[in-house]
Protein chains: 2
Amino acid sequence: MKPGSCHTECQQVLHLAERLCEGRGARLTPQRRQVLEILCASPKPLGAYDILDLLKQGVPAAKPPTVYRALEFLLQQGLVHRIESLNAYVGCIHPDHPHASQFLICRDCGEVRELESRSVERTLGSALRACGFKADSRVVEVTGRCLRCSEQGTP
Amino acid sequence: MKPGSCHTECQQVLHLAERLCEGRGARLTPQRRQVLEILCASPKPLGAYDILDLLKQGVPAAKPPTVYRALEFLLQQGLVHRIESLNAYVGCIHPDHPHASQFLICRDCGEVRELESRSVERTLGSALRACGFKADSRVVEVTGRCLRCSEQGTP
DNA sequence: AAGTGTTATGTTATCACATAACATAAGTAA
DNA sequence: TTACTTATGTTATGTGATAACATAACACTT
């Protein structure tokens, strides 16, 4: 899978996104769709201004608010995630079921992977219950080296 | 404990910080100490420019790099933490033993509390081992309502 | 089809967070 | 003292995000 060329997966995610939005009465407009497309086509998280540069190819008049508005919508719909420790955004790989996102961020290859560990989710959930904290959103982001990178190369 | 008046705790943390730095051969210079003091005196996380404003009372010539350099040092020494989802900083309440920080952020009162759950730490650790990811740093940040705020007030 | 409220987009400016790059000063050790 | 390292001063700029207000597109009622 070469970067930027995962057309099969992208198309699937986009179709799913369309169906989900339609079912919810949410409007996946061309701009929003293009931003989602950009994120899905990227193997790595993109900053808002990276997205802006790419979006300008299709929407020359795009400006920062254009991107941030699209991102706001896509985040609400659970179609993309924000990586807090990178100030960057990734397309969600399985937007059909809502999930507390957990990310593994490789400092070498830059790839970001969703962990989606039910046990982490459960443990954190019970720790929160135990201290009476009502969670709105949970951020779990681990930075380090992925398996592939630690098998190759130097420490 | 009124905000900004926890002098007893602050003094303790500052003395501990001095001892720790001395033991490590690290220089807790007046500026660095003042930044730590500012963070310890605040019940809520502070942004770098909030710190800057407060620091200027003691160091009128302070500028952004002044603050960021002090923060870099204090982060390295484990004396402060950075809250990724707020782009803000808090003083560490127990800098003597290194720990994977877990934060509870109340969206109502703004207070940030360290959770420090060993079970969350363990569960996350084994999930990471299971997929071969070598973690450098772990970010666990939960936003929601603290017990106090959810007992009071509206939903 | 015309009118009306709502949602989306265009546009300008600015705020907020962070660091690069280079100069000077203060500590440290020979 | 000299030479070296570490810390600080200073200017400018890079990067991420939003406020505020104007216009356009849509969707629903009559």
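Residues numbered from 1 in each chain as written. Chains lettered and ligands numbered in written order. Predicted model: local features only at pLDDT ≥ 70, side-chain atom pairs only at ≥ 80, totals over all residues. Heavy atoms only, no water.

**Examining the relation of the copies chain B and chain A**
Note the following rule: To line up the copies, we fit them by least squares on C-alpha atoms, keeping just the residues with pLDDT of at least 70 in both. Note on contacts: a residue pair qualifies if any of its non-hydrogen atoms lie within 4.5 Å across the two residues.
If you rotate chain B by 180° and push it 0.0 Å along the axis, it lands on chain A with an RMSD of 0.1 Å. One copy is carried onto the other by what is essentially a two-fold rotation axis. Among all C-alpha atoms of chain B, that of B:Val140 lies closest to the rotation axis, at 2.3 Å. Looking at the interface residues of chain B, 100% of them are also at the interface in chain A, so both copies use one shared face.

**Looking at the domain arrangement of chain A**
Residue and element names in this part refer to chain A. The condition that has to hold: Source of the domain bounds: an automatic or database domain assignment. Note on definitions: buried area is the accessible-area loss of two parts on being combined, 1.4 Å probe, summed for both. Should a side-chain nitrogen of Lys or Arg be within 4 Å of a carboxyl oxygen of Asp or Glu, the pair is scored as a salt bridge.
With domains assigned, chain A is organised as domain 1 (7–91) and domain 2 (102–151). Inter-centroid distance (C-alpha atoms) of domain 1 to domain 2 is 22 Å. With 10 residues of domain 1 in contact, the opposing surface of domain 2 contributes 9 residues. Roughly 700 Å² is buried in total at the junction of domain 1 and domain 2, and carbon and sulfur atoms are behind 60% of that figure. It is Lys 44, His 81 and Ile 83 in domain 1 that bury the most area against domain 2; as a group they hold 44% of the surface buried on that side. Across the domain 1-domain 2 interface, the total number found is 0 salt bridges.

**Looking at the protein's contact with DNA strand D**
Selection criterion: One heavy atom suffices: a residue is near a molecule or strand as soon as one of its heavy atoms comes within 4 Å of it. Here a polar contact is recorded for every N or O atom pair within 3.5 Å, except that within protein the pair must consist of a potential hydrogen donor and a potential acceptor, and residues adjacent in sequence are included only if both atoms are side-chain atoms. The helix count covers DSSP runs of H or I at least four residues long, the strand count covers runs of E at least two residues long, and both are numbered beginning at the N terminus.
DNA strand D sits among 19 residues. The nearest are A:Tyr49, A:Arg82, B:Thr29, B:Gln31 and B:Arg69. Sugar plus phosphate, as a fraction of atoms of DNA strand D within 4 Å of the protein: 53%. A:Arg69 is positioned such that a nitrogen or oxygen atom in its side chain is 3.3 Å from a base nitrogen of DNA strand D. In the model, a phosphate oxygen of DNA strand D is placed 2.7 Å from a nitrogen or oxygen of the B:Thr29 side chain. Elements supplying a minimum of two residues to the surface near DNA strand D: α3 (48–58) and α4 (64–76) of chain A together with α2 (30–41) and α4 (64–76) of chain B. No other element matches the 4 residues that α4(A) contributes to the surface near DNA strand D.

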